[in-house]
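Residue strings, one per chain:
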Amino acid sequence: MICFLVTFAFSSLHINAYTIKGGISYTVSTARQIAFENVNYKIDISKYNQFLNDSNFTENKTLLSKNKYKIKDRKLVEFSDGSYSITYKNNKNMSFFYNKGGSLTSIQFDLFKKDSITRYSYDIKGNLESVILCAKNNEQFIFSLNKKLIAHWKGKNCYNEKGELIMTREAK
């Protein structure tokens, strides 16, 4: 669960509706409904066998140690626990998440809509792990598989389902 919260540390105390450009408001309930529309609960993971281990592990770890995150063909994101993600420039709608040893832990797919991005994360067996609705005002709603709100990011602050501040983030 913390992995999902940390994932969006790089990309109001009460959970109410917030108005974004275009006048669209999201409550937790409407965000949940939008996020789970037409969701696939399982993907064919065999299509991604070539990504089970980071083929550029040594190079990527060296680049991360030098704080180099943008390379000609990919973008790297490093997390405080040593894990990292790779998004290849030839497919910016998909990101691969690896543990600190370079083994795949999850795949994330981004679905772009007019006023939001929905991110679907799947484990290495192809099962849906979480769904994240990202509004265009730097707000994210992170839901578990059972549609429970895990976290609500509003700007640099992250709140739990009770509206309590649980962590913050800073852009690099």
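The following paragraphs examine the structure supplied in this document. (Residues numbered from 1 in each chain as written. Predicted model: local features only at pLDDT ≥ 70, side-chain atom pairs only at ≥ 80, totals over all residues. Heavy atoms only, no water.)

1. Considerations on the pairing of strand β4 (residues 74–78)
It is a general feature of regular strands that their side chains alternate between the two faces of the sheet.
Phase 1: Here 2 bridges tie strand β3 (residues 70–71) to β4, and the two strands are oriented antiparallel to one another. Looking at the pairing, lysine 70 lines up with lysine 75 of β4.
Phase 2: Here β3 folds back onto β4, and the loop between the two strands holds 2 residues.
Phase 3: Relative to strand β5 (residues 84–88), β4 runs antiparallel, the two sharing 5 bridges. Paired with arginine 74 across the bridge in β5 is tyrosine 88.
Phase 4: Linking two consecutive strands that pair antiparallel, namely β4 and β5, is a turn of 5 residues; a positive phi of about 95° is found at glycine 82 within it. (Pairing = 2+ DSSP bridges. Helix = DSSP H or I, 4+ residues; strand = E, 2+ residues; numbered from the N terminus.)

2. Details of the pattern of salt bridges
Close approach of charged atoms lets side chains of opposite charge pair.
Phase 1: A complete count under the given rule lists 5 salt bridges for this structure.
Phase 2: In this structure, glutamate 37 engages lysine 113 in a salt bridge whose closest nitrogen and oxygen atoms are separated by 4.0 Å. Placement of the pair is glutamate 37 in the loop between α2 (28–35) and α3 (57–65) and lysine 113 in the loop between β7 (104–112) and β8 (116–123), with a sequence separation of 76 residues.
Phase 3: Taking relative accessible area as the criterion, glutamate 37 reaches 39% and is therefore assigned partly exposed.
Phase 4: Between arginine 119 and aspartate 110 there is a salt bridge, with the nearest N and O atoms lying 3.1 Å from each other. (Salt bridge = Lys/Arg side-chain N within 4 Å of Asp/Glu carboxyl O. Buried < 20%, exposed > 50% of the residue type's maximum accessible area, 1.4 Å probe, protein only.)

3. Looking at α2
Phase 1: Burial in α2 covers these residues: Val28, Ala31 and Ala35. What you see down the axis of α2 is that its buried residues fit within an arc of 65°, all on one side. (Arc of directions from axis to C-beta.)

4. Remarks on the packing of aromatic side chains
Phase 1: A full pass over the atoms with the stated rule returns 9 aromatic pairs.
Phase 2: Relative to phenylalanine 96, the ring of phenylalanine 51 lies with its centre 4.0 Å away and its plane at 15°, an arrangement referred to as stacked. With phenylalanine 51 in the loop between α2 and α3 and phenylalanine 96 in strand β6 (residues 94–98), this pair connects stretches of sequence that are 45 residues apart. Assigned by exposure class, phenylalanine 51 and phenylalanine 96 land together as buried.
Phase 3: Summarising the aromatic geometry, the rings of phenylalanine 79 and phenylalanine 97 are spaced 6.1 Å apart at their centres and angled 20° between planes, so their arrangement reads as stacked. Remark: phenylalanine 97 occurs in strand β6 and phenylalanine 79 occurs in the loop between β4 and β5; sequence separation between them is 18 residues.
Phase 4: Under the relative-accessibility criterion, phenylalanine 97 is labelled buried at 6%. (Phe/Tyr/Trp six-rings, centres within 6.5 Å; stacked < 30°, edge-to-face > 60°.)

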